[in-house]
Amino acid sequence: PNAAADLPNADLPIAAALTLSACAAKPPASDPEAVRAFEKINDPLEPWNRAMLQLDQGLDTVIFDPSLAVYKTVVPKPGRQGVTNLIRNFRTPVTLVNDIFQGEGQRAGITMGRFVINSTVGLLGLFDVAKHLDMPYHGEDFGQTLAVWSVDEGPYLYVPVLGPSGGRDI
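Description of the structure in this document.

Each value, and the rule that gives it
Residues numbered from 1 in each chain as written. Predicted model: local features only at pLDDT ≥ 70, side-chain atom pairs only at ≥ 80, totals over all residues. Heavy atoms only, no water. Helix = DSSP H or I, 4+ residues; strand = E, 2+ residues; numbered from the N terminus. Contact = heavy atoms within 4.5 Å. Areas by Shrake-Rupley, 256 points an atom, 1.4 Å probe, with all protein chains shown as cover. Salt bridge = Lys/Arg side-chain N within 4 Å of Asp/Glu carboxyl O. Buried < 20%, exposed > 50% of the residue type's maximum accessible area, 1.4 Å probe, protein only. Phe/Tyr/Trp six-rings, centres within 6.5 Å; stacked < 30°, edge-to-face > 60°. Pairing = 2+ DSSP bridges. Expected span 1.5 Å × (residues − 1). Bend = angle between axes of the 7 residues up to and from the residue. Polar contact = N/O pair within 3.5 Å; in protein donor to acceptor, adjacent residues only side chain to side chain.

### So, the overall build of the protein chain
Consideration 1: The number of helices and strands found in the protein chain is 6 helices and 2 strands.
Consideration 2: Start at the N end of the protein chain and walk to the C end: the helices and strands fall as α-α-α-α-α-α-β-β.
Consideration 3: A separation threshold of at least 6 residues defines the contact pool for the protein chain, and within that pool the share at least 24 residues apart is 50%.
Consideration 4: Surface summary for the protein chain: the accessible area is close to 11,900 Å², and the carbon and sulfur share equals 66%.

### Let's talk about the pattern of salt bridges
Consideration 1: All told, the structure shown has 5 salt bridges when counted by the stated rule.
Consideration 2: Here R107 ties to E140 by a salt bridge, and the two come within 3.5 Å at their closest N and O atoms. Remark: E140 occurs in the loop between α5 (105–120) and α6 (142–148) and R107 occurs in helix α5; sequence separation between them is 33 residues.
Consideration 3: When its relative accessible area of 24% is taken as the criterion, R107 is described as partly exposed.
Consideration 4: Residue class for E140 comes out buried when judged on its relative accessible area of 9%.
Consideration 5: D128 is the salt-bridge partner of R114, the closest N and O atoms lying 3.2 Å from each other. One end of the pair, R114, is in helix α5; the other, D128, is in the loop between α5 and α6, with 14 residues separating them in the sequence.
Consideration 6: Classification of D128 as buried rests on a relative accessible area of 11%.
Consideration 7: Overlapping salt bridges, with partners in common, bring together D99, R107 and E140 in one network.

### Some details on the packing of aromatic side chains
Consideration 1: For the structure on display, the rule yields 2 aromatic pairs.
Consideration 2: Seen from their ring centres, F101 and W149 are 6.1 Å apart, and the 40° between their planes marks the pair as tilted. Placement of F101 in helix α4 (residues 77–101) and of W149 in the loop between α6 and β1 (156–159) is noted, with a sequence separation of 48 residues between them.
Consideration 3: Ring geometry for F142 and W149: centres 5.9 Å apart, planes at 90°, overall edge-to-face.

### Points about the pairing of strand β2 (residues 163–166)
Looking down a regular strand, the side chains alternate between one sheet face and the other.
Consideration 1: Taken together, the 4 bridges between β1 and β2 define a ladder with antiparallel strand orientation. Of the residues in β2, the one forming a bridge with Y156 is G166.

### Brief notes about α4
Consideration 1: Taking 1.5 Å of rise per residue, the 25 residues of α4 would be expected to cover 36 Å, and the 35 Å separating its terminal C-alpha atoms lies within 8% of that figure.
Consideration 2: At R91, α4 shows its largest bend, some 40°, and a proline, P93, comes one to four positions later.
Consideration 3: Those residues of α4 that fall on the buried side of the exposure criterion are R80, G82, N85, N89, T92, T95, L96, N98 and D99.
Consideration 4: Contacts from the buried residues of α4 go to α3 (46–74), α5 and α6.
Consideration 5: After α4 finishes, the residue G103 shows a positive phi value of roughly 75°.

### Section: α3
Consideration 1: Counted at 1.5 Å a residue, the expected span for α3 with its 29 residues is 42 Å, and the 39 Å between its end C-alpha atoms agrees.
Consideration 2: Where α3 bends most, the angle comes to about 50°, and this point is D60.
Consideration 3: Turning to α3, the residues buried within the fold contact β1 and β2.

### A word on the side chain of D128
Consideration 1: Within polar-contact distance, the side chain of D128 engages the side chain of N118 at 3.1 Å.
Consideration 2: Ignoring any residue separated from it by four or fewer positions in sequence, one finds D128 in contact with N85, R114 and N118.

### What to know about unusual backbone geometry
Consideration 1: Positioned with a positive phi, L124 is a non-glycine residue whose angle comes to about 65°.
Consideration 2: Inspection of the secondary structure assignment puts L124 in the loop between α5 and α6.
Consideration 3: The backbone of S150 shows a phi angle near 70°, a positive value even though the residue is not glycine.
Consideration 4: Here S150 lies in the loop between α6 and β1.
Consideration 5: Given a relative accessible area of 66%, S150 falls into the exposed group.

Here is the structure:
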């Protein structure tokens, strides 16, 4: 039985608010398991994260949004795609190393093949020639490698300009 289906439509927002507010409250000390779970998922760096989010929103408004608007106006879409391809190609060695560290031999071979083809025929990666040869792009970073190695993700952290992350991914 669905309890929400039994409520009149006007009561749904009230029921949702009550349910969500109950999720945010710290459990009673008499339930140590619930307290441990709450503390594990609670944001220990919340003041910092909120301040950095506010800073980032200000930077977006003052610097990044206007810059992006100019970039999109000045550089045509094919040129922007070329820049994206070039940056991806320059990041490929990092992806390759992480493919290897993750034990992904076949994927590492594709990554290496993409790098060689796009760096030569694709003019340093300006053109993604490898995607037409059934070598799709994928990205990997050391945070993903640490996850494969079962390293805990750590606390939530908001880093200005880079955005939200877990400690492991920083």
